[in-house]
Amino acid sequence: MKLSSGIKILLADDEPHILQFLDLGLSNEGFDVRTAPDGAAALELALEFKPHMAILDVMMPVMDGFEVVERLRKTGAEVGVIMLTAKDEVENRVKGLWLGADDYMIKPFAFDELLARIQARLRNQFPLLIGAVTHGPFRIDDQRKEITYQNQVMELSPTEYELLKFIVLNHGIVLSKATILSRVWGYDFGGEENIVEVYVRSLRDKLGDKEHRLIRTLRGVGYRVDL
């Protein structure tokens, strides 16, 4: 995935190997990345660097991630916050969300999933920063509502566009029909789940995906895009 340049991300984690891994991965994706080894350094850097996204570990020395996000919100800084934690405990997630975090990820996590969550936060919070995004043979231009596949602009209905965008942005992740319905058609959709199959079939036809190698069906589970 390549995003437009100029998007700034702050990483804060006291585990050097995680910090190095995320720094390298996100820098390779075109982000402007700064790192901090503890919460106090992260807060100081955030006020100076003014990131669009902050990825904060919960358990850090000097100042934990909860206090960092709480203080960030009190400054009025416009920044998306994803918190990382090694403990999948509901009370931790609820506390972080109440203090102002936008999302949570449990360690260990897939780097592609982190990219997808960053993309979602940026798209919602800083839509003008996001230009065209490239995933393998796909180029998604959300401002123009246009998807290019293998350098050819696809003719898509609005729903086909939203469906293809959603599954491509989440490539490598298994998506159930219920998840697709809620994210593409909306939580109040009252129709049948089979509508997903109809639209997936249409997309496969337009993509020339006769062997279902691009949009794979996992029987009884859902769909996964493999790039």
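Residues numbered from 1 in each chain as written. Predicted model: local features only at pLDDT ≥ 70, side-chain atom pairs only at ≥ 80, totals over all residues. Heavy atoms only, no water.

Trainee: Honestly, the overall build of the protein chain in this entry has me stumped. Any pointers?
Mentor: Of the regular secondary structure elements, the protein chain holds eight helices and eleven strands. Since a compact globule built from 227 residues should have a radius of gyration of about 17 Å, the 19 Å found for the protein chain is in line with a globular shape. For the protein chain, the accessible area works out to roughly 11900 Å², and carbon and sulfur atoms hold 49% of it. Both charge centroids of the protein chain, one from 28 positive and one from 35 negative side chains, sit 4 Å from each other. (Helix = DSSP H or I, 4+ residues; strand = E, 2+ residues; numbered from the N terminus. Rg over C-alpha atoms; globule rule 2.2 N^0.38 Å. Areas by Shrake-Rupley, 256 points an atom, 1.4 Å probe, with all protein chains shown as cover. Lys, Arg positive; Asp, Glu negative; His and termini not counted. Charge placed at Lys NZ, Arg CZ, Asp CG, Glu CD.)

Trainee: Can you help me understand the pattern of salt bridges in this one?
Mentor: Side chains that differ in sign of charge can pair as their charged atoms come close. For the coordinates displayed, the defined rule picks out 18 salt bridges. Between R117 and D103 there is a salt bridge, with its nearest N and O atoms 2.8 Å apart. Note that R117 is positioned in helix α5 (residues 111–125) and D103 in strand β5 (residues 103–106), a separation of 14 residues in sequence. A relative accessible area of 25% places R117 in the partly exposed class. The residue K177 makes a salt bridge to E197 at a minimum N-O spacing of 2.2 Å. With K177 in helix α7 (residues 177–185) and E197 in helix α8 (residues 194–207), this pair connects stretches of sequence that are 20 residues apart. (Salt bridge = Lys/Arg side-chain N within 4 Å of Asp/Glu carboxyl O. Buried < 20%, exposed > 50% of the residue type's maximum accessible area, 1.4 Å probe, protein only.)

Trainee: What is the right way to read the environment of R201 from this model?
Mentor: Relative to the assigned elements, R201 resides in helix α8. Each C-alpha atom of the pair R201 and H212 lies 9.6 Å from the other, and the pair is eleven residues apart in sequence.

Trainee: What's the story with the packing of helix α1 (residues 16–28) against α5 in this structure? I'm lost.
Mentor: Relative orientation and spacing of two packed helices are given, respectively, by the angle between their axes and the distance between those axes. One way to put it is that α1 packs onto α5 with a least axis distance of 12 Å and a crossing angle of 60°. By the criterion of interaxial angle, the relationship of α1 to α5 is oblique. As α1 runs across α5, the sense of the crossing is right-handed. Packed against α1, whose contacting residues are F21, L22, G25 and L26, the element α5 presents F111, L114, L115 and I118 at the interface. Considered class by class, the residues forming the contact of α1 with α5 number seven nonpolar, one polar and no charged. (Axes fitted to C-alpha atoms, helices over the stretch in contact; angles between N-to-C directions. Parallel < 35°, antiparallel > 145°, perpendicular 65-115°, else oblique. Left-handed = near helix turned anticlockwise from the far one by under 90°. Contact = heavy atoms within 4.5 Å. Nonpolar A, V, L, I, M, F, W, Y, C, P; charged D, E, K, R; others polar.)

Trainee: Mind showing me how you'd approach the nonpolar core here?
Mentor: In summary, soluble globular proteins display a tendency toward joint burial of nonpolar side chains. Of all hydrophobic cores here, the largest spans 25 residues; its most connected members are F138, L163, L164, I167, I180, L207 and I215. Counting residues per element, the ones that place at least two in this core are β7 (138–141), β8 (146–149), α6 (158–169), α7, α8 and β11 (222–225). Among the elements that make up this core, the one with the highest residue count is α6 (seven residues). With residues near it in sequence (within four places) discarded, L163 still touches I180, V184, W185, Y199, V200 and L203. (Core = buried A, V, L, I, M, F, W, Y, C linked by side-chain atoms within 4.5 Å.)

Trainee: Explain α1 to me, please; I cannot follow it from the model alone.
Mentor: Two residues of an α-helix separated by three or four positions point the same way, owing to the 3.6 residues in each turn. The end-to-end C-alpha distance of α1, which contains 13 residues, comes to 18 Å, matching closely the 18 Å that a straight helix rising 1.5 Å per residue would cover. Among the structural elements, β1 (8–12), β2 (32–36), β3 (53–57), β4 (80–85) and α5 are those in contact with the buried residues of α1. At the C-terminal side of α1, G30 shows a positive phi close to 100°. (Expected span 1.5 Å × (residues − 1).)

Trainee: Sorry, what's going on with the sheet that holds β3 here?
Mentor: Within a sheet, each strand pairs with its neighbour through backbone hydrogen bonds, oriented either parallel or antiparallel. Across the sheet, which stays open at both edges, the five strands sit in the order β2-β1-β3-β4-β5 with parallel pairing between neighbours. Two strands close off the open sheet at either side, each with one partner strand: β2 and β5. Adjacent strand axes in the sheet meet at a mean angle of 20°, parallel and antiparallel pairs treated alike. Summarising the sheet, β1 and β3 pair through four bridges and their orientation is parallel. Counterpart to L11 in the pairing with β3 is I55. Packing against the sheet, helix α2 (residues 39–49) makes contact with β1 and β2, and its axis sits at approximately 170° to β1. (Pairing = 2+ DSSP bridges.)

Trainee: Any chance you could explain unusual backbone geometry here in plain terms?
Mentor: The general pattern is negative phi for most residues beyond glycine and trans for most peptide bonds. The step from K107 to P108 runs through a cis peptide bond, and the omega angle for that step is -10°. Structurally, P108 is set in the loop between β5 and α5. Its identity is not glycine, yet Q150 carries a phi of approximately 50°, on the positive side. Within the fold, Q150 resides in the loop between β8 and β9 (152–153). Located in the positive-phi region is N151, a residue other than glycine, with phi close to 70°.

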